[in-house]
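Chain and residue survey
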Amino acid sequence: MNLPNKITLFRLPLTAIFFIFFFDKPLPQFFPNLPPAPCHHTIAFFCFLLACVSDWSDGYLARRRNQITAFGKFWDPIADKILVAAAWITLVANDAMPAWIAVVLLARDFTVSGLRMLAAEQGTTLAAETGGKIKTIVQLLTIGILSAHYTLKKDWGWELPQPGLAGYEVWVLYPLCLLTSLGSAWGYFHKNWSLLRP
């Protein structure tokens, strides 16, 4: 297994650590009396940042070293979607994001993934488009900002409003996420509507 593929797979345990450490009681069903680790939100935040760096570096190294493989093409987008989905669920569970926005964003990813599967069955490959790349950048930035806000409030005692209700999320981050997500989905379906015709 080459280095880019190892970096891609490394994103999966980073996602798990982010998910577990972001909660005050990560596994209450199994360890109800387990106290949270010191600065556990900070640990989760830096795991997310490292996962974002790995998302960029695996593709960069694969292209630079000419090590693009079918394994990487398969696992890279899956690792990305697992990271983002885990982050949305984590933020909703910690009251840092409205649930309906996460549902819309996840539903968009499921529908576009379904379109990709349909295209593959018909021998067509849907290449990543600029709109989809912008969507990913906006979502990762949003998750990073909300996670940083939550971390500064919970771990470092900053007097900040509850994440999700601070104002900039409602008027800037959430609209940008919805706009880029739904806009890029429309682009995929508009260009490939013929795949859905009977």
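Quick caveat: nothing in here was measured; it's all calculated off a predicted structure.

**Observations concerning the environment of Ala-128**
With respect to the element layout, Ala-128 can be found in the loop between helix H4 (99-121) and helix H5 (130-154). The spacing of Ala-128 and Thr-151 is 23 residues in sequence and 33 Å in space, taken between C-alpha atoms. Non-local contacts of Ala-128, meaning those with residues more than four positions away in its chain, are made with Arg-116, Lys-133 and Tyr-188.

**Section: the layout of surface pockets**
Empty space within the largest pocket amounts to approximately 1,900 Å³. Contributions of two or more residues to the lining of the largest pocket are made by helix H1 (3-21), helix H2 (40-64), helix H3 (70-93), H4 and H5. Residue contributions to the lining of the largest pocket peak at twelve residues, all from H3. Residues that form the lining of the largest pocket fall into these classes: 24 nonpolar, twelve polar and twelve charged.

**Focus: the pattern of salt bridges**
Applying the stated criterion to the full structure yields six salt bridges. For Arg-11, the salt bridge goes to Asp-55, with nearest N and O atoms at 3.8 Å. Of this pair, Arg-11 sits in helix H1 while Asp-55 sits in helix H2, and the two are 44 residues apart along the sequence. For the residue pair Arg-11 and Asp-55, the accessibility class agrees, reading buried in each case. The partner of Asp-58 in a salt bridge is Arg-11, with the nearest N and O atoms 3.1 Å apart. Of the two residues, Asp-58 is situated in helix H2 and Arg-11 in helix H1; the sequence distance between them amounts to 47 residues. Within this structure, Arg-11, Asp-55, Asp-58, Asp-76 and Asp-80 form a network of salt bridges that share partners.

**Structural notes on H1**
Taking 1.5 Å of rise per residue, 19 residues should cover 27 Å, and H1 covers 27 Å from first to last C-alpha, within 8% of that figure. Residues of H1 that are buried: Pro-4, Asn-5, Ile-7, Thr-8, Arg-11, Leu-14, Thr-15 and Phe-18. Among the structural elements, H2, H3 and H5 are those in contact with the buried residues of H1.

**So, unusual backbone geometry**
The phi angle at Cys-39 is positive, at roughly 55°, despite the residue not being glycine. With respect to the secondary-structure elements, Cys-39 resides in the loop between H1 and H2. Residue Cys-39 is classed as partly exposed on the basis of its relative accessible area of 34%. If you check the backbone angles, Asn-66 has positive phi at about 55° while not being a glycine. With respect to the helices and strands, Asn-66 occurs in the loop between H2 and H3. Asn-66 sits in the exposed class, given a relative accessible area of 69%.

Each value, and the rule that gives it
- Residues numbered from 1 in each chain as written.
- Predicted model: local features only at pLDDT ≥ 70, side-chain atom pairs only at ≥ 80, totals over all residues.
- Heavy atoms only, no water.
- Helix = DSSP H or I, 4+ residues; strand = E, 2+ residues; numbered from the N terminus.
- Contact = heavy atoms within 4.5 Å.
- 1 Å grid on protein atoms, 1.4 Å probe; cavity = no way out; pocket = protein on both sides within 12 Å on 5 of 7 lines; lining within 4 Å.
- Points joined across faces, edges and corners; volume = space filled by probe spheres on them.
- Nonpolar A, V, L, I, M, F, W, Y, C, P; charged D, E, K, R; others polar.
- Salt bridge = Lys/Arg side-chain N within 4 Å of Asp/Glu carboxyl O.
- Buried < 20%, exposed > 50% of the residue type's maximum accessible area, 1.4 Å probe, protein only.
- Expected span 1.5 Å × (residues − 1).

Any functional reading would require information beyond the geometric quantities listed.
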